[in-house]
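Architecture and fold: a report
Listed here are the chains, written in short residue letters.
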Amino acid sequence: MFSRSRCLTRTFGRSISAFRQGNNVLARRAASGISSSQCVNFRNSLKCEARPSIFQIRYFKTTAIHRNEVVTVNTPAFAESVTEGDVRWEKAVGDTVTEDEVVCEIETDKTSVQVPSPAAGVIEELLVPDGGKVEGGTPLFKLRKGAAAAAKVTPAPAAEAPAAAAPPPPPPAPATAGPIPTTMPPVPPVPTQPIASKPVSAIKPTAAPAATPTDTGVKGARSEHRVKMNRMRLRIAQRLKEAQNTCAMLTTFNEVDMSNITEMRKAYKDAFLKKHGIKLGFMSAFVKAAAYALIDQPAVNAVIDDTTKEIVYRDYVDISVAVATPKGLVVPVVRGVEGMNFADIEKTINELGEKARKNELAVEDMDGGTFTISNGGVFGSMFGTPIINPPQSAILGMHGIFDRPVAVGGKVEIRPMMYVALTYDHRLIDGREAVTFLRKIKSVVEDPRVLLLDM
């Protein structure tokens, strides 16, 4: 009897130990550990034997616990130069989102930061109102992971037996015909006095009665509506006004004959596209020419530090290229232009332009820059004076290419011409440096062989 109870105690102890060691397990058998397939034999020797399998264990993951977990999504960290932003919601409470789907955008002074959903689920609560200000780490919204979408309200099904249609109205009864007259109608009497006649000239025409205007209910719309300025537009306005108040801006002009660069582009655009996988445009020629001129005239590449009252000369060339977006003008930076060729410049500009159009520009893409180029010619601009992009000291404005008569070798010829404008800070850059700089750009664009000869 002792041997039997000891065997059962040992079996029960093993089952309890195995149950405790397994995390998140499910025992198929009873807690006692004795299964129906287990056989305990007691022979004359009172020897206890058991099958090797005491009970069966099936492991499973505890995903059911986290399936409807509600998580709070916080504002991502901003760059060092950005402290806060405004929230623009793309989703509402109850909307179903997938993983990495954009829930909202945070508009900062320089760019827009997209906030994706960390997992698939349903928006439980919006913690910040639309247009509210947030800082890095501020809770934005609550997301219920894996929750099913809210059931959409469906119209009630129509009754099985449709209501009987109302019978059509009976056709109108035909008008009863009167009796057929048997006598002729009476003839009107002939007047005895002659009818007084008037000459046609004596008859005055009478004006037709004015038609009363019918009120159609449609009137000319003279309404107006107000839209809050986004942070990027506010920052652009602030910086431009600061540039006007700080810099002593002066603009000098010149014109560029685009004949040679146009012929070069036509001759090599197919081979350029085949080798580099990108089209050859005019922007790369002006960016490279600007880098060449900035090295030749370092004062244009410098800036005044108003805090220390010092002039900062840069030994590198980072050119900001203005790109128009629906939310405002952004200026991504092409860095190290002095060491680039035409293909490198075109690829970099294309990549930055795509990021700007997709609203994927980071603050780091727009930080810095020693010089800016603005191409208003893509919109058909013929002439204009650009505004300096602080803390820079100069900006080059490109314009449209138009055929104009010019004097070439004592003869009048029609050439594709472009006006270029250089706005500079006269506190730092004198007229000589500015004019020399612009003429250097003119000579390089009109004859790119100047770059090869280093002239």
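Attention in this report is confined to the structure presented alongside it. Everything numeric here is computed off the predicted structure, so don't read it as measured data. (Residues numbered from 1 in each chain as written. Predicted model: local features only at pLDDT ≥ 70, side-chain atom pairs only at ≥ 80, totals over all residues. Heavy atoms only, no water.)

Details of the side chain of Thr-423
Structurally, Thr-423 can be placed in strand 20 (residues 411-425). Side chain to side chain, Thr-423 and Thr-251 meet in a polar contact 2.9 Å long. Of the polar contacts made by the side chain of Thr-423, one reaches the backbone oxygen of Pro-386; its length is 2.8 Å. The contact partners of Thr-423, leaving out residues within four places of it in the chain, are Met-249, Leu-250, Thr-251, Thr-385, Pro-386, Ile-388, Ser-393, Ala-394 and Ile-395. (Helix = DSSP H or I, 4+ residues; strand = E, 2+ residues; numbered from the N terminus. Polar contact = N/O pair within 3.5 Å; in protein donor to acceptor, adjacent residues only side chain to side chain. Contact = heavy atoms within 4.5 Å.)

Considering helix 8 (residues 431-446)
Taking 1.5 Å per residue as the helical rise, helix 8 with its 16 residues ought to reach 22 Å, and the 22 Å between its terminal C-alpha atoms agrees with that figure. Taken residue by residue, helix 8 has Glu-433, Ala-434, Phe-437, Leu-438, Lys-440, Ile-441, Lys-442, Val-444, Val-445 and Glu-446 as its buried positions. (Expected span 1.5 Å × (residues − 1). Buried < 20%, exposed > 50% of the residue type's maximum accessible area, 1.4 Å probe, protein only.)

Concerning the side chain of Ser-393
With respect to the helices and strands, the residue Ser-393 is situated in the loop between strand 18 (371-375) and strand 19 (394-408). Among the polar contacts made by the side chain of Ser-393, one reaches the main-chain carbonyl oxygen of Ala-302 at a distance of 2.7 Å.

Points about a nonpolar patch on the surface
Side chains of Phe-253, Met-382, Phe-383 and Phe-402 sit close together on the surface and give an oily, nonpolar patch of about 360 Å² of accessible area. As for its position among the elements, Met-382 is in the loop between strand 18 and strand 19. (Patch = residues over 30% accessible without salt bridge, like charges linked within 9 Å, V, L, I, M, F, W, Y side chains within 5 Å. Areas by Shrake-Rupley, 256 points an atom, 1.4 Å probe, with all protein chains shown as cover. Salt bridge = Lys/Arg side-chain N within 4 Å of Asp/Glu carboxyl O.)

Quick look at empty space enclosed by the protein
In this structure the tally under the stated criterion is one cavity of 30 Å³ or more. Taken as a whole, the largest cavity encloses approximately 30 Å³ of empty space. Along the walls of the largest cavity sit Ile-261, Met-264, Arg-265, Leu-280, Gly-281, Phe-282, Ala-285 and Phe-342, which together make up its complete lining. Along the lines of polarity and charge, the residues of the lining of the largest cavity split into six nonpolar, one polar and one charged. (1 Å grid on protein atoms, 1.4 Å probe; cavity = no way out; pocket = protein on both sides within 12 Å on 5 of 7 lines; lining within 4 Å. Points joined across faces, edges and corners; volume = space filled by probe spheres on them. Nonpolar A, V, L, I, M, F, W, Y, C, P; charged D, E, K, R; others polar.)

As for unusual backbone geometry
The peptide bond linking Pro-390 to Pro-391 adopts the cis configuration, its omega dihedral lying at 10°. Along the chain, Pro-391 falls in the loop between strand 18 and strand 19. We note that Asp-100 has phi near 70°; this positive angle belongs to a residue other than glycine. One non-glycine residue, Lys-309, lies in the positive phi region at around 60°.

As for the packing of helix 5 (residues 283-296) against helix 6 (residues 342-357)
Where helix 5 meets helix 6, the closest approach of the two axes is 9 Å, and the angle between their N-to-C directions is 115°. Classified by the angle their axes make, helix 5 and helix 6 are roughly perpendicular. Seen from above, helix 5 lies across helix 6 with right-handed handedness. In this structure, helix 5 contributes Met-283, Ser-284, Ala-285, Val-287 and Lys-288 to the contact, and helix 6 contributes Phe-342, Ile-345, Glu-346 and Ile-349. Across the contact of helix 5 with helix 6, the residue classes break down as six nonpolar, one polar and two charged. (Axes fitted to C-alpha atoms, helices over the stretch in contact; angles between N-to-C directions. Parallel < 35°, antiparallel > 145°, perpendicular 65-115°, else oblique. Left-handed = near helix turned anticlockwise from the far one by under 90°.)

Details of the pairing of strand 4 (residues 84-89)
Burial of strand 4 is extensive: five of the six residues sit out of reach of the surface. As judged from the three bridges shared by strand 4 and strand 9 (residues 133-135), these two strands associate in the antiparallel manner. Residue pairing for strand 9: Asp-86 is matched across the bridge by Lys-133. The sheet contact formed by strand 4 and strand 6 (residues 102-107) spans four bridges and is antiparallel. (Pairing = 2+ DSSP bridges.)

A short note on helix 5
The terminal C-alpha atoms of helix 5 lie 20 Å apart, and with 14 residues this matches the ideal 20 Å at 1.5 Å per residue to within 8%. Here helix 5 lies mainly inside the structure; twelve of its 14 residues are buried. Inspection of helix 5 places Met-283, Ser-284, Ala-285, Phe-286, Val-287, Lys-288, Ala-289, Ala-290, Ala-291, Tyr-292, Ala-293 and Leu-294 among the buried residues, and these make up the whole buried set.

A few points about the pairing of strand 20
By the bridge criterion, nine bridges tie strand 11 (residues 249-257) to strand 20 in an arrangement that is antiparallel. Opposite Leu-250, over in strand 20, you have Tyr-424 as the bridge partner. Between strand 19 and the antiparallel strand that follows it, strand 20, lie two residues; Gly-409 among them carries a positive phi value of about 60°.

Some words on the sheet that holds strand 9
Here four strands make up an open sheet; going across it, the order is 7-6-4-9 and the pairing antiparallel. Only two strands of the sheet have a single partner each, and these edge strands are strand 7 (112-116) and strand 9. Strand-to-strand twist of the sheet, defined as the mean angle between neighbouring strand axes without regard to direction, takes the value 40°. In this fold helix 3 (residues 231-246) packs onto strand 4, strand 6, strand 7 and strand 9, with an angle of close to 140° to the strand it touches most, strand 4.

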